[in-house]
Every structure is written in C-alpha cells, then in structure tokens.
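Coordinates in review
Here is what each chain is made of, one letter per residue.
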Amino acid sequence: MLASLISKLVLSAKSPRVPVSTVSTMSTASAAISAAAPSLQPVFDKLFPKVDELQPQFIDVLKHAVEIPAVSGDETLRPQVVKKARYIASQLESLGFTDIQLKELGTQPPPVVDPTLQLPPVVLARYGSDPAKKTVLVYGHYDVQPASRDDGWDTEPFELVVDEQTQQLRGRGSTDDTGPLTGWLHVVRAHREAGIDLPVNLLTCFEGMEESGSLGLEQLIEREATGYFAGVDAVCISDNYWLGTRKPVLTYGLRGCNYYQVSVSGPKADLHSGVFGGIIAEPMVDLVQILAGLVDSQGRILIKGIDEMVAPVTEKERAIYEKIDFSRDELDEAAGSHTALYDRKEDILMHRWRYPSLSVHGVEGAFAGMGAKTVIPARVSGKFSIRTVPDMDSEKLTKLVVDHCNAAFAKLNSPNTVHTELIHDGAYWVSDPYNAQFSAATEATKVVYGVEPDLTREGGSIPITLAFEQLLKTSVLLLPMGRGDDGAHSVNEKLDISNFINGIKLMGAYLHFYAASPEN
Ligand SMILES: C[C@H](N)C(=O)N[C@@H](Cc1c[nH]cn1)C(=O)O
Ligand SMILES: [Zn+2]
Ligand SMILES: [Zn+2]
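Note that the structure is a prediction, hence the values are computed from the model and not measured.

Below, the discussion takes up the overall build of the protein. Broken down by element type, the protein carries 16 helices and 18 strands. For a compact globule of 520 residues, the expected C-alpha radius of gyration is about 24 Å, and the protein comes in at 24 Å, within 12% of that figure. Projecting the C-alpha coordinates of the protein onto the three principal axes gives extents of approximately 80 × 50 × 50 Å. Within the protein, the proportion of its 520 residues that are buried is 47%.

Here the protein is partitioned into domain 1 (2–164 + 174–255 + 428–515) and domain 2 (257–311 + 354–426). Placing a centre on the C-alpha atoms of domain 1 and another on those of domain 2 gives a separation of 34 Å. The interface of domain 1 with domain 2 comprises 16 residues on the first partner and 14 residues on the second. Classifying every residue of the side of domain 1 that touches domain 2 gives seven nonpolar, six polar and three charged.

A few words on helix 7 (residues 217–224). Taken together, the buried positions of helix 7 are occupied by L217, L220, I221 and E224. The buried residues of helix 7 occupy an angular sector of 100 degrees when projected down its axis, which confines them to one face.

The subject of this paragraph is the nonpolar core. Formed by 126 residues in total, the largest nonpolar core has its most connected members in V235, Y510 and Y514. Residue contributions to this core peak at eleven residues, all from helix 16 (residues 497–515). The residue makeup of this core includes at least three contributed by each of domain 1 (2–164 + 174–255 + 428–515) and domain 2 (257–311 + 354–426). For V235, the contacting residues outside a window of four places in its chain are L137, Y139, F468, L472, T474 and V476.

That bond from P110 to P111 is cis: its omega, 0 degrees, falls within 30 degrees of zero. Relative to the helices and strands, P111 is located in the loop between strand 1 (98–103) and strand 2 (122–127). Along the chain, P390 connects to D391 via a cis peptide bond; the corresponding omega equals 0 degrees. Secondary-structure assignment places D391 in the loop between strand 13 (379–388) and helix 13 (394–410). Despite not being glycine, D99 has its phi angle at roughly 50 degrees, a positive value. By the element assignment, D99 lies in strand 1.

Before going further, it helps to spend a moment on the packing of helix 4 (residues 55–66) against helix 6 (residues 178–194). Packing of helix 4 against helix 6 brings their axes to within 10 Å, and their N-to-C directions diverge by 135 degrees. Considering their axes alone, helix 4 and helix 6 lie oblique with respect to each other. Relative to helix 6, the crossing made by helix 4 is right-handed. Only T178, G179, T182, L185 and H186 of helix 6 make contact with helix 4, whose side of the interface consists of F58, V61, L62, A65 and V66. Across the contact of helix 4 with helix 6, the residue classes tally to six nonpolar, four polar and no charged.

Now for the UniProt feature "binding site: Mn(2+) 2" (unreviewed entry) in the protein. When the UniProt feature table is mapped onto this chain, "binding site: Mn(2+) 2" (unreviewed entry) is found at H141, D176 and D239. The greatest C-alpha distance among the annotated residues, which extend across 99 residues, is 8.2 Å, indicating that they converge on a single site. Counting through the fold element by element, H141 comes out in strand 3 (residues 135–141). Since 30 C-beta atoms lie within 10 Å of it, H141 is described here as buried. Those residues within four positions of H141 in sequence are excluded, and the remaining contacts are D177, L181, F206, E207, G208, E210, E211 and D239. Looking at the element boundaries, D239 is found in the loop between strand 7 (234–237) and strand 8 (249–254). Ignoring sequence-local partners within four residues, the contact set of D239 consists of G140, H141, D176, D177, P180 and I462.

Glancing now at the packing of helix 2 (residues 28–35) against helix 14 (residues 436–449). Contact geometry of helix 2 with helix 14 gives a least axis separation of 9 Å together with a crossing angle of 25 degrees. Overall, the two elements helix 2 and helix 14 adopt an arrangement that is roughly parallel. The handedness of the crossing between helix 2 and helix 14 is right-handed. For the pair helix 2 and helix 14, contact is made by A29, S30, I33 and S34 and by A436, S439, A440 and E443, respectively.

Here the focus is the sheet that holds strand 13. Ordered in space as 11-13-9-14, the four strands form an open sheet in which the pairing is antiparallel. Each edge of the open sheet carries a strand with a single partner, namely strand 11 (357–364) and strand 14 (417–426). Across this sheet, the average inter-strand angle for adjacent strands is 20 degrees, counted without regard to direction.

Within the secondary structure layout, L47 lies in helix 3 (residues 37–53). Among the residues examined, L47 registers 22 C-beta atoms within 10 Å and is labelled buried. L47 sits 146 residues away from E193 along the chain, and the two C-alpha atoms are 9.0 Å apart.

Now for the pairing of strand 7. A two-sided burial pattern is seen for strand 7, the buried positions comprising A234 and C236 on one face and V235 and I237 on the other. Where strand 3 and strand 7 come together, four bridges link them in parallel fashion. Paired with L137 across the two strands is V235, which belongs to strand 7. With four bridges joining them, strand 7 and strand 17 (residues 475–478) adopt parallel strand pairing. Across the sheet, the residue bridging to A234 is S475, located in strand 17.

Here the focus is the UniProt feature "site: Important for catalytic activity" (unreviewed entry) in the protein. Under the UniProt annotation, the feature "site: Important for catalytic activity" (unreviewed entry) is placed at H272. Looking at the element boundaries, H272 is found in strand 10 (residues 271–272).

A word on the site of ligand 1. Around ligand 1 sit 15 residues in total, of which D176, D239, C257, G460 and S461 are the nearest. Classifying every residue of the shell around ligand 1 by side-chain character gives five nonpolar, five polar and five charged. Residues lining the shell around ligand 1 come from more than one domain, with at least three contributed by each of domain 1 (2–164 + 174–255 + 428–515) and domain 2 (257–311 + 354–426).

Rules used throughout
Residues numbered from 1 in each chain as written. Chains lettered and ligands numbered in written order. Predicted model: local features only at pLDDT ≥ 70, side-chain atom pairs only at ≥ 80, totals over all residues. Helix = DSSP H or I, 4+ residues; strand = E, 2+ residues; numbered from the N terminus. Rg over C-alpha atoms; globule rule 2.2 N^0.38 Å. Buried ≥ 20, exposed ≤ 12 C-beta atoms within 10 Å, placed from the backbone. Domains from an automatic or database assignment. Contact = placed C-beta atoms within 7 Å. Nonpolar A, V, L, I, M, F, W, Y, C, P; charged D, E, K, R; others polar. Arc of directions from axis to C-beta. Core = buried A, V, L, I, M, F, W, Y, C linked by C-beta atoms within 7 Å. Axes fitted to C-alpha atoms, helices over the stretch in contact; angles between N-to-C directions. Parallel < 35°, antiparallel > 145°, perpendicular 65-115°, else oblique. Left-handed = near helix turned anticlockwise from the far one by under 90°. UniProt positions renumbered as here; feature names shortened; annotations may be inferred. Pairing = 2+ DSSP bridges. Near = placed C-beta within 6 Å.

Set out below in structure tokens:
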C-alpha cells in the first residue's frame, strides 16, 4: 500500500529535474533479494564478528581523519583539506584499492578571497574489476563544517573523543561525513581479514567541497561518465541521518540548497562610530533591514513568487506522512529546546522535507567578537540559504531573490550600494524507494537491525546526488549511518559506536544483497 502510494507520488512529480525512473513495487527483483537471505547468512556469520573485532582499528582510522581540520568553507584551511584527501588515499592504498587518483578540479570560482585558490581533489579508487560482478560507486565527503571550542564544544572538535560512558565518538565529521566515508574502507578491510570475496566491484568518489556546494564535481562526473565511472550500476551515499534515534531509515529524497550573500558597501574603510556615527549611512543598518525582510518569525518566506513554484501536496502524499513514526518531542530532544514552529508530526515533516525554508546564517565583515568594539563596518555581507523542493527552478529563484533584495534596499533610500549573488546551488532529488538498491538495503537492515527501515526524505542537501543519477544513468540509494540527534553542523557532533559498527555491517550486507539481485 505504502509502496504504491510513494510510487505514484514519484511518478506524479512535475519537475523535469525530478527523476522519473521506472518504478518497481514488490517486484521479482525484490523477491529474489529477500530469497537470498538464507544463503548469505554464512557470509554474515563470518563478516559481522570480524567487524566487531576490528572496532578499535576502525576507531583509530577515524581518529586520525578527524584530527585534520578539513574545513572547505575556510580558504586558509585548504592545505588541511588536501592533507585529509592524501590521508584517505593512503588508507585506500594500504587496503589494496587500485588506480587511486587525486583528481584536480581547477580553481575555486568567485566569490573567493584568493582567485588562485585550488579546489580540493576528488579521491577516486577502485576495488576489483571483475566483469561478472556489479559495480557500485560509493560517494562521501571528507570536508567538514567549521568548528571551534568557542562555539560551545565540550571538547576539542578536531580531536576524536571516545566517550566510554555514552558509547559515543565525538568530534567534527564523526557523523558528517568522515565516519560514514571511512565506513566503506572498513567494509573492505573486514572482508579481506575475514577471507570473504567482496561481492561487487567498488569505486570511490570522495570529495572535499560538499559543505561548500560540491563546486567542480558535476563537471568531473560528466567527464568521467564514460571514463573512470564507466559501467557503474548503482550509486550509494551514506551522508545523512536517521529521522530519530531508534529506527534505521533509507532515504529517497533530499531538499536542494541555494546559498546567497547580500553585500552592502559604504565607506572606504571601517570607521570610528563616535566620529562618524549619525553623519554617514551605515551598511550594517541597511543590511539588517534587508535580512529582516526575507523571512518572518514563523518561518514564512517573505519573497514573493516562491510559494507558487512549490508542488502542491496531494492527499496520497499526506497519507505517507501520517504513517511515519515521529513526534514533536523528538524534534525538541534533537534541538535541545522547546522552540518548534509546528506541533503536528505531519506539519513538522512536511516543512522539513517538502516545503522550502530560508535560514539566515551570519554576517561577514561585522563585529562579532567579545567586548564592545565601537566600529562602523565598511562592507558587510549577509549570508542566507533557501532549501529548495520540487518544482522550484534554481535560476528563477535567484532572480526572485535578487529582485527582492534590490527592492528592499531601494525602499531604504540609502546612499550605500547593494549586491546580491548566488554562492552555490545544489539540486533537490526524489527517487523511487522500491528499486533493487532499496530492496537490498531493506534486507540488509532487517539482517543487521532486525527491523524494516522507515522510508524518509531528508531536509538537508547533498548537492551532487541528482547529477550522479542523471549523468551515470543509474539509481542512487541514501543509506544513513548516524542518528537524528548526532548534531551534524552543530556543537559536540557525535556518532554512536553502535551506529558506526552496525553501519559498517549494514554497508557490507547491502553490497551482498545488491550483488544477489537479478536487476541493477
Ligand atoms: C546532508 C549532508 N550531510 C549535509 O550536511 N549537506 C550540506 C550541503 C550543503 C549545501 N550547501 C552547503 N552545504 C547541507 O545540507 O547543508
Ligand atoms: Zn554531509
Ligand atoms: Zn554537512
């Protein structure tokens, strides 16, 4: 029932950017995949204890990786991002991966402080090239969000803390996405050390720019579609999270993300507010008024024309949301507050997954430190992003945003100047959750966790997902490792050890079930 509802929903999506793949419900493929379970049990009986046994070594690799502050959004840390790429490549080499390449992507496009800044490399590697096996491409990102002790971390963000009491691994990247990325390496190691043949050929595509919009990656995929990536049957991404804290999920949708900056410029340099305050127009005063006009305190976007682009909710879709196991309490728990804008589960999930949202992130150039600096900043840039959903069009959205900011500024009658620009955009994605890959991952979840996974969409974005699907003409599965309360992008980011270890087993089991599928 649920299967047919979602299938119809996917097929009814209007946007040409939403993949309309061949939808299979309870197909012969999924029947064959479930039938493979008994014959795979001896494999899992050898593989899973090996994963348990290697836990200390797996944590050690993660510890070394987390120690490298690979923040893609901080230009000064670019050498660290490259260092982490090399660390991962060295691990791949020691595991017997071949054809390891650090693919350069050229210089970073504007806005950028250093116009010669090189984008971090994409780590490509392969394990096995048996024409009789299917080929699975695994994608992950080794870059991370910024983090500093001052933000409120209890421990150093770039030191992995193994918390024996909570049984958690704490550190930036533990769940997003260094933990899951290294998980794929551990799958290979466990197979090697248990003497089990990897059932598929594995290709890696690990990038260092995901947190900054995956700049340059789409062009690489386009170039390599008939080269390095030729023959890829399926793409699997482990870079999101369970909805809650108890139940594993498989994810069939993502919101997109258009990231903007609106800059207001005035005087040539920062000025003394005692000397110039009251007699010149202050850029920061203009900017806060523009930012205040983007979204209201109820989360309603105030830019005209956006709501009209959003695909309407159907009754059938509504039924899907009613069935999902989630509550406002879980949102409060994950947020650590009682500040939710909606009470009903359906409203919360729809506003997380299938409606756009606008978030204001910060102001570059403004005074942000401790104390009481009496400055008039000369140029300030407000950063905000809009999470996009079917059927929003990125270019049309950008025009609406720029026009809105220009009109808001014009109303201020300010002698300053304003400039609004798109920093990066990444597409939304919705898939068929009943294809061979999802069936394989469902069986794997049953074997590892003993339950059927929930099928979820994700409020966050993985900008490259749709490009993989379209350019490699293959299906993509999102197979999350961590929980909804992991604190990705926040302070004290963590990954439960049980999620790390079971996540590695899940990845391994998924590869075996997918290999057993008669379809791609
Ligand atoms: C879901 C994924 N782990 C993630 O955190 N993605 C980022 C991607 C992004 C897009 N623009 C900037 N970063 C996110 O959803 O914020
Ligand atoms: Zn991520
Ligand atoms: Zn992230």
